[in-house]
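Topology and contacts: notes
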Amino acid sequence: MDPWVVAITGASGSVYAKRLIEALRLHGETICLVVSRPGRRVAKDELGWVLTGDIRDDRERIRSYCGYSADEEGLSCYDWQDIGCCLASGSFRTRGMFVIPCTMATLAGIAVGSSRNLIERAADVTIKERRRLILVPRETPLSPIHLRNMLTLAEMGVDIVPPMPAFYFGPGSLDDLVDFFVKRVLAVAGLS
Ligand SMILES: Cc1cc2nc3c(=O)[nH]c(=O)nc-3n(C[C@H](O)[C@H](O)[C@H](O)COP(=O)(O)O)c2cc1C
């Protein structure tokens, strides 16, 4: 089956990405993961992930943090500046892409098609190939710049799914809130 692209950028909320990867793994989905440099920094603060920036080291670290055993297939990791890798090409088929969490910087880059790194390029490819692109933007308050960029992308058919917690289901823990939101993200992607 074609893989999903998952990108983690340097916004608060890396826990949503980790939970999404775990859920996709449970679904038997294949994942191509890219983490931006600021994404590594925030994942260290929020998840305790220690990543070096050398993808040869980080591959196994990320796979282990996400619960994959050494010989398990289904999760491959790419250097966020490797704009020559498969994810940068439209001929590499994917089911779609999640940017979770998505910074306002990456959101802006995708909105104008700047493709300055692999995450922006893969998102650009996802849009041009008319595949599903799901962004989980996180910032507060939102400026007119952020809102305009979101509207630009929404009008192109990009799914804008901000991580807004709901309380009507009586969450008892942080995990409940994270799980509830990740289920919404999966539903947007057409995964139950
Ligand atoms: C601890 C921390 C939290 C941050 N949270 C956010 C955030 O929630 N939203 C956002 O747009 N930027 C946030 N930033 C700033 C981005 O990381 C910064 O703009 C970065 O250049 C984005 O790069 P990227 O989109 O390539 O990951 C945060 C930075 C740090 C260090």
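Just so it is clear, the structure is predicted and the values come from calculations on it, not from any experiment.

Here we look at the pairing of strand 1 (residues 4-8)
When a strand is regular, its side chains alternate between the sheet's two faces. Counting buried positions over the five residues of strand 1 gives five, a clear majority of the element. The alternating pattern of strand 1 places Trp4, Val6 and Ile8 on one face and Val5 and Ala7 on the opposite face, and all of these are buried. Of the pairings in the sheet, the one linking strand 1 to strand 2 (residues 31-35) comprises five bridges and is parallel in character. Pairing of tryptophan 4 across the sheet is with isoleucine 31, part of strand 2. Between the parallel elements strand 1 and strand 2, the chain passes through helix 1 (residues 14-26) in a crossover that is right-handed.

Details of the side chain of arginine 131
Tracing the chain through its elements places arginine 131 in the loop between helix 5 (118-128) and strand 5 (132-137). No salt bridge forms around the buried arginine 131; measuring N to O, its nearest opposite-charge neighbour glutamate 129 is 4.3 Å away. Looking at arginine 131, its side chain comes within polar contact range of the main-chain oxygen of glycine 90, at 3.0 Å. Engagement of the side chain of arginine 131 in a polar contact is seen with the backbone oxygen of phenylalanine 92, the distance being 3.3 Å. Discounting chain neighbours no more than four positions away, the residues touching arginine 131 are Gly90, Phe92, Arg93, Thr94, Gly96, Val125 and Thr126.

Conventions used here
Residue numbering note: each chain is counted from 1, following its sequence as written. This being a predicted model, a pLDDT of at least 70 is required before a residue's local features are given, and a value of 80 or more before pairs of side-chain atoms are given or counted; all residues contribute to the totals for chains, interfaces and linings. Heavy atoms throughout the structure, all of them, feed into the side-chain values; hydrogens and water do not. Note on classification: 1.4 Å probe, protein chains only; a residue is buried when its accessible area is under 20% of the maximum for its type, exposed when over 50%, partly exposed between these limits. What counts as a helix is a DSSP run of H or I of at least four residues, what counts as a strand is a run of E of at least two, and both are numbered from the N terminus. Here a strand pair is declared whenever DSSP counts at least two bridges between the two strands. We call a crossover right-handed when, viewed with both strands directed away from the observer, the connection leading from the first strand over the helix to the second proceeds clockwise. Positive charge is attributed to Lys and Arg, negative charge to Asp and Glu, and no charge count is given to His or to the chain ends. When a carboxyl oxygen of Asp or Glu is within 4 Å of a side-chain nitrogen of Lys or Arg, the pair counts as a salt bridge. Polar contacts, as counted here, are pairs of nitrogen or oxygen atoms within 3.5 Å of one another; within protein the pair requires one atom able to donate a hydrogen and one able to accept it, and residues that are adjacent in sequence qualify only if both atoms are side-chain atoms. The criterion used for residue contact is that any of the two residues' heavy atoms lie within 4.5 Å.

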